[in-house]
Amino acid sequence: MTTAPNGADVRLVAPVGVGSQDRNSAVATGIALVTGAALLWFLACLAVLRRQLELVQSAGTGRDEPDGRDGG
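Now for a description of the structure that goes with this document. Everything quoted here is computed from the prediction, not taken from an experiment.

## A short note on the overall build of the chain
Across its full length, the chain carries one helix and two strands. Scanning the chain from its N terminus toward the C terminus, one meets helices and strands in the order β-β-α. Per-residue burial for the chain yields a buried fraction of 4% across its 72 residues. Accessible area for the chain stands at about 6,500 Å²; split by element, carbon and sulfur atoms hold 63% of it.

## Notes on the pattern of salt bridges
Working definition: two side chains of opposite charge can pair if their charged atoms are close together. On inspection of all chains with the given rule, the structure shows two salt bridges. Arg 50 is paired through a salt bridge with Glu 54; the nearest N and O atoms lie 3.3 Å apart. Note that Arg 50 and Glu 54 are positioned in helix H1 (residues 20-61) at a spacing of four residues, about one turn of the helix. Residue Arg 50 is classed as exposed on the basis of its relative accessible area, which comes to 57%. Note that Glu 54 and Arg 51 form a salt bridge whose closest N and O atoms lie 3.9 Å from each other. With Glu 54 and Arg 51 both in helix H1, this residue pair falls three residues apart, about one helical turn. When salt bridges that share partners are traced, they join Arg 50, Arg 51 and Glu 54 into one network.

Thresholds applied
- Counting of residues starts from 1 at the beginning of each chain's written sequence and follows it residue by residue.
- Under the rules for a predicted model, residues below a pLDDT of 70 receive no local features and side-chain atom pairs below 80 are neither given nor counted, while totals for whole chains, interfaces and linings still include all residues.
- Side-chain metrics in this entry use all non-hydrogen atoms of the structure; hydrogen atoms and water are not considered.
- For helices the rule is a DSSP run of H or I covering at least 4 residues; for strands it is a run of E covering at least 2, with both sets numbered from the N terminus onward.
- For every residue, the accessible area obtained with a 1.4 Å probe (protein chains only) is divided by the maximum for its type, and the residue is called buried under 20%, exposed over 50%, and partly exposed between those limits.
- Areas reported as accessible are Shrake-Rupley estimates using a 1.4 Å probe. Residue values count occlusion only from the protein chains shown.
- For this analysis, a salt bridge means a side-chain nitrogen from Lys or Arg found within 4 Å of a carboxyl oxygen belonging to Asp or Glu.

Spelled out as C-alpha cells, the structure:
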C-alpha cells in the first residue's frame, strides 16, 4: 500500500459494494440481448414454418405459386 501526496492511503481494490451497479447493469444488458436474440430466432422460425405450410397447401391444391407472386 502506498500513500498519496495528501497523506491518504491508495488501494488497488474497491471497497465492498462499489461497482455492483455496473455489474447489475451488465447483467440487465445481457438479459436484454439474449431475449432479443431469442425473439428474433423465434420469429425467423415462424416465418420458415409459415412458408413451408404455404408450400404444402399449394402442392395440395395444384398451384405453382402459393402467394400468387412471380418467382423471378
